[in-house]
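Here is what each chain is made of, one letter per residue.
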Amino acid sequence: DQQVKQNSPSLSVQEGRISILNCDYTNSMFDYFLWYKKYPAEGPTFLISISSIKDKNEDGRFTVFLNKSAKHLSLHIVPSQPGDSAVYFCAARYGNKLVFGAGTILRVKS
Amino acid sequence: DTGVSQDPRHKITKRGQNVTFRCDPISEHNRLYWYRQTLGQGPEFLTYFQNEAQLEKSRLLSDRFSAERPKGSFSTLEIQRTEQGDSAMYLCASSLHSGANVLTFGAGSRLTVL
């Protein structure tokens, strides 16, 4: 039962443009949503989070948008940089644990 | 503090053998988690500790798996009688019990069962 889905396995973007990564969820009880970035041979690292009572959170080049009625969130990266190339995981908090999506591979071309 | 440390980084074993992974969390973090990640999937929750107490276990954690966190510091994850399906990356993470409960992950221990 995939409660958190990232339907795009990969995304390719030109340097300087906007990257938009999407995530859908099914459980209305999730109270926090987080994005993690993962480079090869490293563990996932935390990027940004948003509470379920908010609809937007911004941190530098990264903005997360939450649409609760659609059970959808997105991560915007502006401007995209080659160093942003990584796997991005969407995660949702339920109780004391995080439920992760399968990830989206982002490639930023220079 | 160097973050979350995991050892070994890579373990190759034959089916039926036992393996043990160790995790050293960030010292001030009171929560410790074990996740498993297979190819093309996101991390899947296995179990978590608050201090030395194991508070939740996933259905994925069969009776061949056991995790401990003696004295609320480092943790070990043991897999007995390994099977080829156990091949995966085993990720440890730690957190403070507050706010969004942001997990800090280690680099993982990759298990290959032949």
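Residues numbered from 1 in each chain as written. Chains lettered and ligands numbered in written order. Predicted model: local features only at pLDDT ≥ 70, side-chain atom pairs only at ≥ 80, totals over all residues. Heavy atoms only, no water.

1. Considerations on the sheet that holds strand β6 (residues 56–59) of chain A
Residue and element names in this part refer to chain A.
Logical step 1: If you trace the 5 strands from one edge of the open sheet to the other, you get β1-β3-β8-β7-β6, paired in antiparallel fashion. This sheet does not close on itself; its edge strands, each paired only once, are β1 (4–5) and β6.
Logical step 2: Here β1 pairs with strand β3 (residues 19–25) via 2 bridges, running antiparallel. For Val4, the partnering residue across the bridge sits in β3 and is Tyr25. (Pairing = 2+ DSSP bridges. Helix = DSSP H or I, 4+ residues; strand = E, 2+ residues; numbered from the N terminus.)

2. Observations regarding the sheet that holds strand β3 (residues 19–24) of chain B
All names here are of chain B.
Logical step 1: Strand order in this open sheet of 4 strands is β1-β3-β8-β7, and the pairing throughout is antiparallel. Here the strands that pair on one side only, and so sit at the sheet edges, are β1 (5–7) and β7 (65–68). Between one strand and the next, the sheet's axes are offset by a mean angle of 15°, whatever the strand orientation.
Logical step 2: Bridging between β3 and strand β8 (residues 75–79) involves 5 bridges; their strand directions are antiparallel. When the bridges of β8 are listed, Val19 appears paired with Ile79. (Axes fitted to C-alpha atoms, helices over the stretch in contact; angles between N-to-C directions.)

3. Thoughts on the interface of chain A and chain B
Logical step 1: In this complex, chain A contributes 19 residues to the contact, which on the side of chain B involves 21 residues.
Logical step 2: At the boundary of chain A with chain B, total buried surface from both sides reaches about 1600 Å², with 56% on carbon and sulfur atoms.
Logical step 3: Counting the surface chain A buries against chain B, the share from its top three residues, Asn96, Lys97 and Phe100 of chain A, is 34%.
Logical step 4: Summed over the shared surface of chain A and chain B, the result is 1 salt bridge.
Logical step 5: A salt bridge links Lys97 of chain A to Glu56 of chain B; the shortest N-O distance between them is 2.8 Å.
Logical step 6: In this assembly, chain A and chain B are joined by 7 residue pairs in polar contact (both at pLDDT 80 or more).
Logical step 7: Elements supplying a minimum of two residues to the side of chain A that touches chain B: β4 (32–38), β5 (45–51), β9 (86–94) and β10 (97–100) of chain A.
Logical step 8: Element by element, the count of residues in the side of chain A that touches chain B is highest for β4 of chain A, at 4 residues. (Contact = heavy atoms within 4.5 Å. Buried area = accessible area lost by both parts, 1.4 Å probe. Salt bridge = Lys/Arg side-chain N within 4 Å of Asp/Glu carboxyl O. Polar contact = N/O pair within 3.5 Å; in protein donor to acceptor, adjacent residues only side chain to side chain.)

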